[in-house]
Amino acid sequence: MIPPAFDYARPAGVDEAVRVLADAGEDAKVLAGGQSLLPLLRLRLAFPELVVDVGRIPELRGVREDGDTLVIGALTTHHDVLRDPLVRRHAGLLAAATATVADPAARHRGTLGGALAHADPAGDLPAVVLAMDGELVAQGPGGRRTVPAREFFVDYLQSALEPDELLVEVRVPKADGWGFHYEKFHRVAQSWAIVGVAALVRRDNGRVAEARIGLTNMGTTPLRATATEAALAGAGDAAAVARAAESAAAGTRPSQDTSASPEYRAHLARVLTGRAVLAAAGMG
C-alpha cells in the first residue's frame, strides 16, 4: 500500500532533532532503522504529518563501558549489537536474543533503540532489557532523563517517551557471572514470538541464588515473571525449576489472536520458562 503524505526532516544532531520534535508536537514520528515505522505507514496505521529521520546522527551509535554498565547508542543496529565484543562479553543475553530478531536484512537496518521505543510486547528485546534491569535515556528540550525499563513500557505500542523526546541511549548492567538464555516459540522462522522468555540466573554452590525472567508477548507490555523469580531461590535441580516455572504466567494477561489463545500462551510461558532457566543455570 501507499503511505499517507507527510513532510520529512533529517536533522544532523540530537539537539536539532529535539528542536524539530518540539516544534512538531504530537504530529511527528521518529524514523530510525525503519523496520517498525515503515510497515505502519504502508498499512496506514500511522498518520504523521512529519517524519523525523535520525538515522544519520553518528553520536547515537556505538557501545561503550561506563563502570559496571554498558551504554549502547539508540541507533546501534541489531547487527552491530550482536557482533560487539563488549556486548558478547558482558551482556550475553542481549546478544543471544538479538540473534533471533527477524532476519539478517532486518538486523542490518533495525536498531536497538527503535525496537524499544516501538514498545511492541511481541518484540524480543523489550523483555530482555527488562530482565536485565536496564535503563533508557531520553533527551528533550529540558535535557536528559533516565527511565528504568520497568517504567518505560506503558501500554501496547506506548512508551514513556514524550512527543518532544528522543531515545538516545540504552544502559544495561554488566551480567558477568550470570548464566543466560532466550527461549522463543514462533510458528515460522523470522516471525514474531508467540511467547518468549529471557532468563538470567546466578548460581551459588550449585543452587540458584538469584533469577531474573522477562516475558515476551504475555500482556500489553513486556513483563517480569516475579513469582517464578522468587520461587527459584535455592533451586538446585530440574524438578525444583519445573515447580517454580508453574507460576510463570501468574499476573499476566496474554492476548487472544489468530496465533494463540490466552490459555495456550500461559502454557507456553510455563514450558519455555522451565527450559530457559535450566539452560541459563547449566542444568539442562
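These numbers come from a predicted model, not from an experiment.

Asks: What exactly am I supposed to notice about the overall build of the chain here?
Replies: Counting its secondary structure elements, the chain contains twelve helices and 14 strands. Here the chain has a C-alpha radius of gyration of 19 Å; the compact-globule value for 284 residues is 19 Å, and the two agree. Expressed along its principal axes, the backbone C-alpha trace of the chain runs to roughly 60 × 45 × 30 Å. Evaluated residue by residue, the chain yields a buried proportion of 53% over its 284 residues.

Asks: Which parts of the structure should I look at to understand the sheet that holds strand β7 (residues 143-148)?
Replies: As a general point, the strands of a sheet are linked pairwise by backbone hydrogen bonds and lie either parallel or antiparallel. Strand order in the open sheet formed by five strands is β4-β5-β10-β6-β7, and the pairing between neighbours is antiparallel. Unpaired on one side and paired on the other, β4 (63-66) and β7 mark the two borders of the sheet. In this sheet, adjacent strand axes meet at a mean angle of 25° when their direction is disregarded. Its contacts with the sheet place helix α1 (residues 14-24) against β6 (135-140) and β10 (166-173), and it is angled at close to 125° to β10.

Asks: Where do I start with the packing of aromatic side chains in this structure?
Replies: Ring pairs (aromatic) are described by centroid distance and by the angle formed between their planes. Across all of its chains, the model carries two aromatic pairs by this definition. Where Phe185 meets Tyr264, the ring centres are 6.4 Å apart and the plane angle is 85°; that geometry is what we call edge-to-face. Of this pair, Phe185 sits in strand β11 (residues 179-185) while Tyr264 sits in helix α12 (residues 262-281), placing them 79 residues apart in sequence. With a relative accessible area of 34%, Tyr264 lands in the partly exposed category.

Asks: Just to check I follow, could you spell out the nonpolar core for this structure?
Replies: Soluble globular proteins tend to bury their nonpolar side chains together. In this structure, Val87, Leu94, Leu112, Leu116, Val128 and Met132 are the most contacted members of the largest nonpolar core, which totals 39 residues. Beyond its immediate stretch of four places on either side in the chain, Met132 contacts Ala91, Leu93, Leu94, Val172, Pro173, Leu200 and Arg212. Among the nonpolar cores identified, the runner-up in size contains 28 residues, and Met218, Ala244, Ala276 and Ala280 belong to it.

Asks: Would you mind showing me how to read unusual backbone geometry here?
Replies: Glycine aside, a negative phi is what most residues show, and trans is what most peptide bonds show. The residue Asp133 is not glycine, and still its phi comes out positive at about 55°. On the secondary structure map, Asp133 appears in the loop between α8 (124-131) and β6. For Asp133, a relative accessible area of 35% corresponds to the partly exposed category. For Asn205, which is not a glycine, the phi torsion comes out positive at approximately 55°. Mapped onto the elements, Asn205 comes out in the loop between β12 (195-204) and β13 (207-216).

Asks: Help me understand the side chain of Thr98, please; the structure alone is not making it clear to me.
Replies: In this fold, Thr98 is placed in helix α5 (residues 92-98). Separated by 2.6 Å, the side chain of Thr98 and the backbone oxygen of Leu94 make a polar contact. The residues touching Thr98, leaving out its near neighbours within four places in the chain, are His78, Val81, Leu82, Arg107 and Leu125.

Asks: It is not clear to me how the sheet that holds strand β1 (residues 7-9) should be interpreted in this structure. Could you clarify?
Replies: Sheet architecture is open: three strands sit in the order β1-β3-β2, paired in parallel fashion. What marks the edges here is a single partner per strand, and that holds for β1 and β2 (28-31). Each adjacent strand pair in this sheet contributes to an overall mean axis angle of 25°, direction not counted. Note that β2 and strand β3 (residues 50-53) share four bridges and pair parallel. Across the sheet, Leu31 pairs through a bridge with Asp53, a residue of β3. Running at roughly 170° to β3, α1 makes contact with β1, β2 and β3 of the sheet.

Asks: Would you explain a negative patch on the surface in this entry?
Replies: A surface patch of like charges, here negative, comprises Asp7, Glu26, Asp27, Glu49 and Glu162. Looking at where Asp27 falls in the secondary structure, it is placed in the loop between α1 and β2.

Asks: Please clarify how the environment of Ala32 should be interpreted in this entry.
Replies: Considering the arrangement of structural elements, one finds Ala32 in the loop between β2 and α2 (37-42). Residues Ala32 and Val277, spaced 245 residues apart in sequence, show a C-alpha to C-alpha distance of 34 Å. Not counting chain neighbours up to four residues away, the residues in contact with Ala32 comprise Val54, Gly55, Leu75 and Thr111.

Asks: Where do I start with a positive patch on the surface in this structure?
Replies: A grouping of Arg10, Arg56, Arg61 and Arg109 is seen on the molecular surface, where their side chains present a positively charged patch. Along the chain, the position of Arg61 falls in the loop between β3 and β4. Look at Arg61 and you get partly exposed, because its relative accessible area is 40%.

Reading the values: the criteria
- Residues numbered from 1 in each chain as written.
- Predicted model: local features only at pLDDT ≥ 70, side-chain atom pairs only at ≥ 80, totals over all residues.
- Heavy atoms only, no water.
- Helix = DSSP H or I, 4+ residues; strand = E, 2+ residues; numbered from the N terminus.
- Rg over C-alpha atoms; globule rule 2.2 N^0.38 Å.
- Buried < 20%, exposed > 50% of the residue type's maximum accessible area, 1.4 Å probe, protein only.
- Pairing = 2+ DSSP bridges.
- Axes fitted to C-alpha atoms, helices over the stretch in contact; angles between N-to-C directions.
- Contact = heavy atoms within 4.5 Å.
- Phe/Tyr/Trp six-rings, centres within 6.5 Å; stacked < 30°, edge-to-face > 60°.
- Core = buried A, V, L, I, M, F, W, Y, C linked by side-chain atoms within 4.5 Å.
- Polar contact = N/O pair within 3.5 Å; in protein donor to acceptor, adjacent residues only side chain to side chain.
- Patch = residues over 30% accessible without salt bridge, like charges linked within 9 Å, V, L, I, M, F, W, Y side chains within 5 Å.
- Areas by Shrake-Rupley, 256 points an atom, 1.4 Å probe, with all protein chains shown as cover.
- Salt bridge = Lys/Arg side-chain N within 4 Å of Asp/Glu carboxyl O.
- Lys, Arg positive; Asp, Glu negative; His and termini not counted.
- Charge placed at Lys NZ, Arg CZ, Asp CG, Glu CD.

This is a description of form; function is not addressed.
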